[in-house]
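A structural walkthrough
Chain residues, written in single-letter form:
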Amino acid sequence: MPQDPFDWIDAEHERRLAAGLVRTLRPRPADSPLVDLAGNDYLGLTRHPEVTEAAAGAARRWGAGATGSRLVTGTTALHTRLEESLAGFCGFEAALVFSSGYAANLAAVTALCGPPNLSGSSPSVPLVVSDAGNHASLIDGCRLARAETAVVPHADAEAVRKTLGAHEGRALAVTDSVFSVDGDAAPLAALAEACREHGAALLVDDAHGLGVLGEGGRGAVHAAGLAGDADVVATVTLSKSLGSQGGAVLGPARVIRHLVSHARTFIFDTGLAPAAVGGALASLAVLRREPGRAARVRHVATELHRRLTAAGLTAVRPDAAVVSVRAPSPEAAVRWAADCRAAGLAVGCFRPPSVPDGVSRLRLTARADLTDRQIEEAAGTVLRTAPAA
Ligand code: PMP
């Protein structure tokens, strides 16, 4: 009998099932009666009529797909306009749009580490200094770059400074601006200072900062006064605050030019669908017109956190839109999230192995379009369904 090439998958599934770690897909009903604090539609723009109309209009004008890679047929006038608009809004010299934030992060890390040498003189591979709490896409970027990676303790600028100081040659520090699990912010100003001191580049994933932090939602990098800095590159996603899909790298024009020629997830990937580009452009226009949305989402997060901690729950003080609430065990977290759902509230549930520290959490994402009444009710539901301490 020839061997079954996939039997190891069944064995792995059984192991995960026994440990309660199997992940499942749960289709979202089109008109869900749930209050959604699980998604990342921070500004409530994904169903904004201007945004959905712009997405539909872009598909009618340019087609449902981009038809090819960005270097062949996949660049429309809309892509170029979105790149100019994103760079202008966030305060960078230039931007490049990708099919996802994940692809943008893979591109940024690998391309900044340096291409295979074309000139004959071998460029040194840089050391990548990476925060222990970084998003999976940054971690995968480091792996793909085959760079030596020093993982430093979470949000510890001093550790970054020391690591850079002990290294000779090129270096790149990589961090999320706001960490996706706990919603806490990186010490960007101190990190930039450490990088400047040692001539290192700084790459910031501002996925959770865009639309939420900084003046009118210009992002955490802008808020830290680092937008447009010669040594700073940022990545963003178009799928959270902007309610669309896709990602972008923002930085000095020479870095963006380098990505066009060297970033494999740009060169060999089909361009972002025109509808997603049109939707993101419309969201940016709404955000420019209504800068109060960013302040509102921050207020909602703070208010959720205040209500939950005042009643005795343990939650990380939110720096942006994510409110992370501790659960006593993975099982309790799963049950808690299910009880919230049964009570009409969708919340995220993070547990091992998604969280390397082994601490299970409920993850609530604030939304600018929640009313004060909805905030009160949502907090009430989380508290009412909380496991006994
Ligand atoms: N970075 C961070 C910090 C994220 O939270 C996410 C989304 N989960 C990404 C990157 C990936 O972005 P996208 O979903 O657009 O691929």
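Residues numbered from 1 in each chain as written. Predicted model: local features only at pLDDT ≥ 70, side-chain atom pairs only at ≥ 80, totals over all residues.

With 126 residues, the main nonpolar core has Ala107, Ala248 and Val249 as its most contacted residues. The element contributing the most residues to this core is helix H4 (residues 101-113), with ten residues. Counting contributing residues per domain, this core is built from domain 1 (49-289) and domain 2 (291-384), each supplying no fewer than three. Among residues more than four places away in sequence, those in contact with valine 249 are Ala95, Leu96, Ala104, Ala107, Ala108, Val233, Thr235, Ile256 and Leu259. (Core = buried A, V, L, I, M, F, W, Y, C linked by C-beta atoms within 7 Å. Buried ≥ 20, exposed ≤ 12 C-beta atoms within 10 Å, placed from the backbone. Helix = DSSP H or I, 4+ residues; strand = E, 2+ residues; numbered from the N terminus. Domains from an automatic or database assignment. Contact = placed C-beta atoms within 7 Å.)

This part is about unusual backbone geometry. A cis amide bond links proline 352 with the next residue in sequence, proline 353, at an omega value of 10°. Looking at the element boundaries, proline 353 is found in the loop between strand E10 (345-350) and strand E11 (361-365). Although it is not a glycine, threonine 67 sits at a positive phi angle of roughly 75°. Mapping threonine 67 onto the fold places it in the loop between helix H2 (49-62) and helix H3 (77-90). For threonine 67, a count of 15 C-beta atoms within 10 Å puts it in the partly exposed group. Phi at alanine 155 is positive, roughly 55°, even though this residue is not glycine. Relative to the helices and strands, alanine 155 is located in the loop between strand E4 (149-152) and helix H6 (157-165).

So, about the site of the ligand. In the vicinity of the ligand, 14 residues are found, and the nearest of them are Ser100, Gly101, Tyr102, Ala207 and Thr237. For the shell around the ligand, the element with the most residues is H4, which contributes three residues. (Near = placed C-beta within 6 Å.)

Pairing within the open sheet is mixed, and its seven strands lie in the order E2-E8-E7-E6-E5-E3-E4. Of all strands in the sheet, those with a lone pairing partner are strand E2 (94-98) and E4, marking the two edges. Geometrically, the sheet is characterised by an average inter-axis angle of 20° between neighbouring strands, direction not taken into account. In terms of strand pairing, strand E5 (residues 171-176) meets strand E6 (residues 201-205) through five bridges, oriented parallel. Residue threonine 175 lies in a different strand from E6, and its bridge partner there is valine 204. Its contacts with the sheet place helix H9 (residues 253-262) against E2, strand E7 (232-237) and strand E8 (247-251), and it is angled at close to 30° to E2. (Pairing = 2+ DSSP bridges. Axes fitted to C-alpha atoms, helices over the stretch in contact; angles between N-to-C directions.)

For the rest of this paragraph, the subject is the domain arrangement of the protein chain. Parsing the protein chain into structural domains produces domain 1 (49-289) and domain 2 (291-384). Once you take the C-alpha centre of each, domain 1 and domain 2 turn out to be 27 Å apart. Each side of the interface is counted separately: domain 1 has 15 residues, and domain 2 has 16 residues.

We now examine the sheet that holds E10. If you trace the four strands from one edge of the open sheet to the other, you get E1-E10-E11-E9, paired in mixed fashion. Both outer strands of the open sheet, strand E1 (35-37) and strand E9 (322-326), are each paired with one neighbouring strand and no more. The mean inter-strand angle of the sheet, taken between neighbouring strand axes irrespective of direction, is 30°. Across five bridges, E9 lies against E11 in antiparallel orientation. The residue bridging valine 323 from the neighbouring strand is leucine 364, located in E11. Packed on one face of the sheet, helix H14 (residues 372-384) meets E1, E9, E10 and E11 and runs near 75° to E1.

This brings us to the pairing of E8. Counting buried positions along E8 yields five of five residues, so the element is predominantly enclosed. Neither face of E8 is exposed, since Gly247, Val249 and Gly251 on one face and Ala248 and Leu250 on the opposite face are all buried. As judged from the five bridges shared by E2 and E8, these two strands associate in the antiparallel manner. Bridged to alanine 94 within E8 is glycine 251. As defined by bridge partners, E7 adjoins E8 across four bridges and the pair is classed as antiparallel. Within E8, the residue paired with threonine 237 across the bridge is glycine 247.

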